[in-house]
Amino acid sequence: MYWVESEFTEQVQLLLGAADERLSDAHAVLDGGSPTGSVYLAGYAVELVLKHAALRVDRASPTSHPLDAIATSRARLKPLLGEIDPMSNHGLLFLAVLLQAAWRYRHSQVPQVVSEAVNRAKKLNKCWSVDLRYQAGLVAQKDALQFVGEARWFVVHAKTLIR
């Protein structure tokens with residue numbers, strides 16, 4: 001069986017649907033007794049929400065490939081971002097700051113919900129990275145439950161981050 005079609009292309013417009021599904025997966029994995037896997041999936045959901053919001057605020061086409069759109073946004077917003085780690089495309093803090101910079105660039109004012117997203121991303125960024133996918137048994141159940149709850153905030157507020 002093959003689930004990935006050869007014609008499939010990642011698109012900005014698909015990120016929120018994937019975020020919803022990854023958060024549901026995080027709950028299922030947590031219920032199944034794998035808190036580290038749950039945190040990884042929940043963090044990935046946050047990454048998808050922030051990526052979608054930053055790119056949509058910066059007016060990326062809904063059908064553009066997310067990595068291409070990030071490269072374009074990164075170049076345009078560099079004066080507002082300062083030095084950026086080239087590996088930060090997946091970092092929650094980088095994506096939250098990219099979102100904030102896009103708001104400043106496009107609208108001059110940053111909504112309170114975006115400022116709150118940056119503050120929440122700072123906290124989550126301290127305990128999440130894509131490298132969690134290689135870890136096992138690292139996160140306690142209670143910590144995972146708290147992390148997944150924080151991740152849920154981003155999924156719930158995904159659409160308000162772009163308005």
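Here is a short report on the structure shown in this document. (Residues numbered from 1 in each chain as written. Predicted model: local features only at pLDDT ≥ 70, side-chain atom pairs only at ≥ 80, totals over all residues. Heavy atoms only, no water.)

**A few points about the overall build of the chain**
Of regular secondary structure, the chain possesses six helices and zero strands. Starting at the N terminus, the α and β elements of the chain follow one another as α-α-α-α-α-α. Projected onto the principal axes, the alpha-carbon positions of the chain cover approximately 45 × 40 × 30 Å. Looking at the 163 residues of the chain, the share that counts as buried comes to 44%. Taking contacts inside the chain between residues at least 6 apart in sequence as the whole, the part at least 24 apart equals 73%. When the accessible area of the chain is evaluated, it comes to approximately 9,100 Å², of which 52% is carbon and sulfur surface. (Helix = DSSP H or I, 4+ residues; strand = E, 2+ residues; numbered from the N terminus. Buried < 20%, exposed > 50% of the residue type's maximum accessible area, 1.4 Å probe, protein only. Contact = heavy atoms within 4.5 Å. Areas by Shrake-Rupley, 256 points an atom, 1.4 Å probe, with all protein chains shown as cover.)

**Regarding the nonpolar core**
Of all hydrophobic cores here, the largest spans 53 residues; its most connected members are Val49, Leu50, Leu99, Trp128, Phe154 and Leu161. Looking at this core, the elements with two or more residues in it are helix H1 (15–31), helix H2 (35–57), helix H3 (66–81), helix H4 (92–107), helix H5 (112–125) and helix H6 (141–156). Excluding anything up to four places from it in sequence, Leu161 contacts Val49, Ala53, Val57, Leu99, Trp103, Val113, Val114 and Ala117. (Core = buried A, V, L, I, M, F, W, Y, C linked by side-chain atoms within 4.5 Å.)

**Notes on the packing of H1 against H2**
One can describe the packing of H1 onto H2 by two numbers: an axis separation of 8 Å at closest approach and a directional angle of 165°. Judged on the interaxial angle alone, H2 and H1 are roughly antiparallel. Both H1 and H2 take part in a crossing whose hand is left-handed. Across from Leu15, Leu16, Ala18, Ala19, Arg22, Leu23, Asp25, Ala26, Val29 and Leu30 in H1, the residues of H2 making contact are Pro35, Gly37, Ser38, Leu41, Ala42, Tyr44, Ala45, Leu48, Val49, Lys51 and His52. (Axes fitted to C-alpha atoms, helices over the stretch in contact; angles between N-to-C directions. Parallel < 35°, antiparallel > 145°, perpendicular 65-115°, else oblique. Left-handed = near helix turned anticlockwise from the far one by under 90°.)

**A word on the environment of Val118**
Mapped onto the elements, Val118 comes out in helix H5. As for Val118 and Ile70, which are separated by 48 residues in sequence, their C-alpha atoms are 18 Å apart. Those residues in contact with Val118, other than ones at most four positions away along the chain, are Leu93, Ala96 and Gln100.

**So, H3**
For H3, built from 16 residues, the straight-helix expectation of 22 Å at 1.5 Å per residue is missed by more than 12%, its first-to-last C-alpha distance being only 19 Å. At Ala75, H3 is deflected by roughly 45°, the largest bend along its length, and proline Pro79 occurs up to four residues later in sequence. Listed in full, the buried residues belonging to H3 are Pro66, Ala69, Ile70, Ser73, Arg74, Leu77 and Leu81. Structurally, H3 contributes buried residues whose contacts are with H1, H2 and H4. Two residues or fewer after H3 comes Gly82, characterised by a positive phi angle close to 75°. (Expected span 1.5 Å × (residues − 1). Bend = angle between axes of the 7 residues up to and from the residue.)

**Here we look at H6**
The end-to-end C-alpha distance of H6 is 22 Å, a good match for the 22 Å that 16 residues give at a rise of 1.5 Å each. The set of residues buried in H6 consists of Ala144, Phe147, Val148, Ala151, Trp153, Phe154 and Val155. Looking at the packing, one finds that the buried side of H6 touches H1, H2 and H5.

**Thoughts on the pattern of salt bridges**
When charged atoms on two side chains of opposite charge get close, those side chains can pair. Summed over all chains, the structure comprises eight salt bridges. Between Glu116 and Arg120 there is a salt bridge, with the nearest N and O atoms lying 2.9 Å from each other. Separated by four residues within a single helix, Glu116 and Arg120 lie in helix H5, roughly one turn from each other. Taking relative accessible area as the criterion, Glu116 reaches 29% and is therefore assigned partly exposed. Judged by its relative accessible area of 18%, Arg120 is buried. A single salt-bridge network, built from bridges that share partners, covers Glu21, Arg22 and Asp25. (Salt bridge = Lys/Arg side-chain N within 4 Å of Asp/Glu carboxyl O.)

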